[in-house]
Amino acid sequence: MSDKVSFNDVFKKALHLGGTLFAVTAVTGLILGFVQNVTADAIKRVELEAQNAAFRIVMPDAKNFEEIVAEPDEFVAEVRRGDDATGLVGWCMNVNSKGYGGIVSFIVGITKDGGVKAINILNHSETPGLGARSTEPEFYEQFNNKTSLPLKVVKGEASNPDEIAAISGATITSNAVTSGVNGAVEYWAKHLKGAE
């Protein structure tokens, strides 16, 4: 009996292994494709509901939030029209502004008259204990129902209606959020004012 392996034996083994690998890969791909198709709608629905919940925080009187085509802008990434049963309530804008540690992303609710209804901080990379305090009500609630615009950041107590008290030790973050809010108001004045 010879210890030599023929070319045909090697070729058959390689062909068998390649076929097995192909079959496993094809079945795995089909399963992953099926799972993706089954879960895609559910994921999209959950993401939409989470987005709508964030919009309701800044525009609680609106029932529907329709995405509109947004003009490119330094701060505003997305605009949603907020309506109730009678029509326009206001606008929800996804805003990105450069903070100390990176981009601060938040939603600004603008009333149909151009006032700031509220803001909702979504994501940030700010320093814990400093800029990260932008997510605390003591800071973000200062923006509620502001009509004296544009807003400016002050150190210490805010004594005028157009002032926002800076977070102690986090003036850059405070300015980033305030600049983004002012940018949203400017966007409204330029692109949305008078819309019904």
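In this text the structure is predicted, and so the values were computed from the model without any measurement. (Residues numbered from 1 in each chain as written. Predicted model: local features only at pLDDT ≥ 70, side-chain atom pairs only at ≥ 80, totals over all residues. Heavy atoms only, no water.)

Colleague: Could you give an account of the overall build of the protein, naming the residues involved and the relevant values?
Modeller: The helix and strand tally for the protein stands at three helices and seven strands. When the helices and strands of the protein are read in sequence order from the N terminus, they spell out α-β-β-β-β-β-α-β-β-α. Its C-alpha atoms give the protein a radius of gyration of 27 Å, more than 25% over the compact-globule value 16 Å for 196 residues. Once the C-alpha set of the protein is aligned to its principal axes, its extents read approximately 100 × 45 × 25 Å. Taken across its 196 residues, the protein has 36% of its residues classed as buried. Total accessible area on the protein is roughly 12000 Å²; 57% of this is exposed by carbon and sulfur atoms. Separation between the mean location of the 18 positive side-chain charges and that of the 24 negative ones in the protein comes to 5 Å. (Helix = DSSP H or I, 4+ residues; strand = E, 2+ residues; numbered from the N terminus. Rg over C-alpha atoms; globule rule 2.2 N^0.38 Å. Buried < 20%, exposed > 50% of the residue type's maximum accessible area, 1.4 Å probe, protein only. Areas by Shrake-Rupley, 256 points an atom, 1.4 Å probe, with all protein chains shown as cover. Lys, Arg positive; Asp, Glu negative; His and termini not counted. Charge placed at Lys NZ, Arg CZ, Asp CG, Glu CD.)

Colleague: Lay out the sheet that holds strand S5 (residues 116-123) with the relevant residues and their values.
Modeller: Judged by pairing direction, the sheet is antiparallel, and its five strands sit side by side in the order S1-S2-S3-S4-S5 without closing on themselves. Two strands close off the open sheet at either side, each with one partner strand: strand S1 (64-68) and S5. Ignoring strand direction, the axes of neighbouring strands in this sheet form an average angle of 25 degrees. Here eight bridges tie strand S2 (residues 76-84) to strand S3 (residues 87-98), and the two strands are oriented antiparallel to one another. For glycine 82, the partnering residue across the bridge sits in S3 and is glycine 90. Contacts from helix H1 (residues 7-58) reach S1, S2, S3, strand S4 (103-111) and S5, with the element oriented near 140 degrees to S5. (Pairing = 2+ DSSP bridges. Axes fitted to C-alpha atoms, helices over the stretch in contact; angles between N-to-C directions. Contact = heavy atoms within 4.5 Å.)

Colleague: Tell me about the environment of proline 150, and please be specific about residues and values.
Modeller: Assignment of secondary structure puts proline 150 in the loop between helix H2 (137-140) and strand S6 (152-154). Along the primary structure proline 150 and valine 69 are separated by 81 residues, whereas in three dimensions their C-alpha atoms are 25 Å apart. Every residue in contact with proline 150, bar those within four places of it in the chain, is listed here: Asp162 and Asn182.

Colleague: So, a nonpolar patch on the surface: which residues are in play, and what are the values?
Modeller: Together, Val27, Ile31, Phe34, Val35 and Val38 make up a nonpolar patch on the protein surface, roughly 480 Å² of accessible area in all. Relative to the assigned elements, valine 35 resides in helix H1. The class of valine 35 is partly exposed, set by a relative accessible area of 42%. (Patch = residues over 30% accessible without salt bridge, like charges linked within 9 Å, V, L, I, M, F, W, Y side chains within 5 Å. Salt bridge = Lys/Arg side-chain N within 4 Å of Asp/Glu carboxyl O.)

Colleague: Which residues make up the pairing of S5, and what are the values?
Modeller: Both S4 and S5 contribute to a ladder of six bridges, which runs antiparallel. Within S5, the position partnered with valine 108 by the bridge is isoleucine 119. Linkage of S4 to S5, two consecutive antiparallel strands, is achieved through a turn of four residues, within which glycine 114 is found at a positive phi near 95 degrees.

The values are spatial; any link to function lies outside them.
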